[in-house]
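# Results of the structural survey
One letter stands for each residue in the lines below.
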Amino acid sequence: MTPPPLRTRIRNGSLLMLALTLTIGAFAVPTIHKLGGSIRETLYRNYVSIDAGQHMHAALYAAELAQLQGSLTAVLPQSRDTFTHWIDIELNDITEVGEEPLARDIQGRGQRIFDELSRGQPGTPDHHEFNLLHQRVDDLIEMNQAAMFHADSRTTRMSDRLAHEFPIGLMILLV
């Protein structure tokens, strides 16, 4: 039996390479898309935690200011509701290692402060208690900001790597 002509062998080899390329692409593209979606979701969830922290700060500042101005009874229910709403959102949006114990600490400290404010004893809670809670909320915000920057730099490295590997793969296929 005589081998097929060279032109036929080249065409068959080209079709095989095309099929191989399409198969690899069929597996790679959805995986890359899924990875991008996962990173996007993580960044969004970190943003939600940062937003929650800002709202908790605002609720605490409003209560503290109302305490100093003597208008606490008018502000306390709304401040407590706002704080409780946003700490609940945070507790349902844990993304980072160590974030849950920090959020639970914030929740406990916040409840104690609002309970003390509800009892109406002059000078309680004091400025120091508010500062400690604000610092813990700042720690939560910083943790999520760092995670966002880390995910962003990881995404950039991965996209750079893909941008270099893809042309190399195309050149290998062409050869």
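The structure this text deals with has already been given above.
Nothing here was measured: the structure is a model prediction, and the numbers come from that model. (Residues numbered from 1 in each chain as written. Predicted model: local features only at pLDDT ≥ 70, side-chain atom pairs only at ≥ 80, totals over all residues. Heavy atoms only, no water.)

## So, the overall build of the protein
Per the secondary structure count, the protein includes 4 helices and 0 strands. Moving toward the C terminus, one meets the helices and strands of the protein in the order α-α-α-α. The buried share of the protein, reckoned over its 175 residues, is 25%. Contacts spanning at least 24 positions in sequence make up 73% of the contacts within the protein whose residues lie at least 6 apart. (Helix = DSSP H or I, 4+ residues; strand = E, 2+ residues; numbered from the N terminus. Buried < 20%, exposed > 50% of the residue type's maximum accessible area, 1.4 Å probe, protein only. Contact = heavy atoms within 4.5 Å.)

## Looking at the environment of tyrosine 47
Secondary-structure assignment places tyrosine 47 in helix α1 (residues 6-69). Put simply, tyrosine 47 and methionine 148 are 101 residues apart on the chain and 7.9 Å apart in space, counted from C-alpha to C-alpha.

## So, the side chain of serine 49
Examined against the element boundaries, serine 49 turns out to sit in helix α1. Residue contacts for serine 49: discarding those within four places in its chain leaves Glu90, Asp93, Glu99, Leu140 and Asn144.

## A few points about a nonpolar patch on the surface
Taken together, Leu15, Leu18 and Leu22 make up a surface patch of nonpolar side chains, about 310 Å² in accessible area. Examined against the element boundaries, leucine 18 turns out to sit in helix α1. Overall, the relative accessible area of 47% leaves leucine 18 in the partly exposed class. (Patch = residues over 30% accessible without salt bridge, like charges linked within 9 Å, V, L, I, M, F, W, Y side chains within 5 Å. Areas by Shrake-Rupley, 256 points an atom, 1.4 Å probe, with all protein chains shown as cover. Salt bridge = Lys/Arg side-chain N within 4 Å of Asp/Glu carboxyl O.)

The quantities given are spatial measurements derived from coordinates; they are silent on function.
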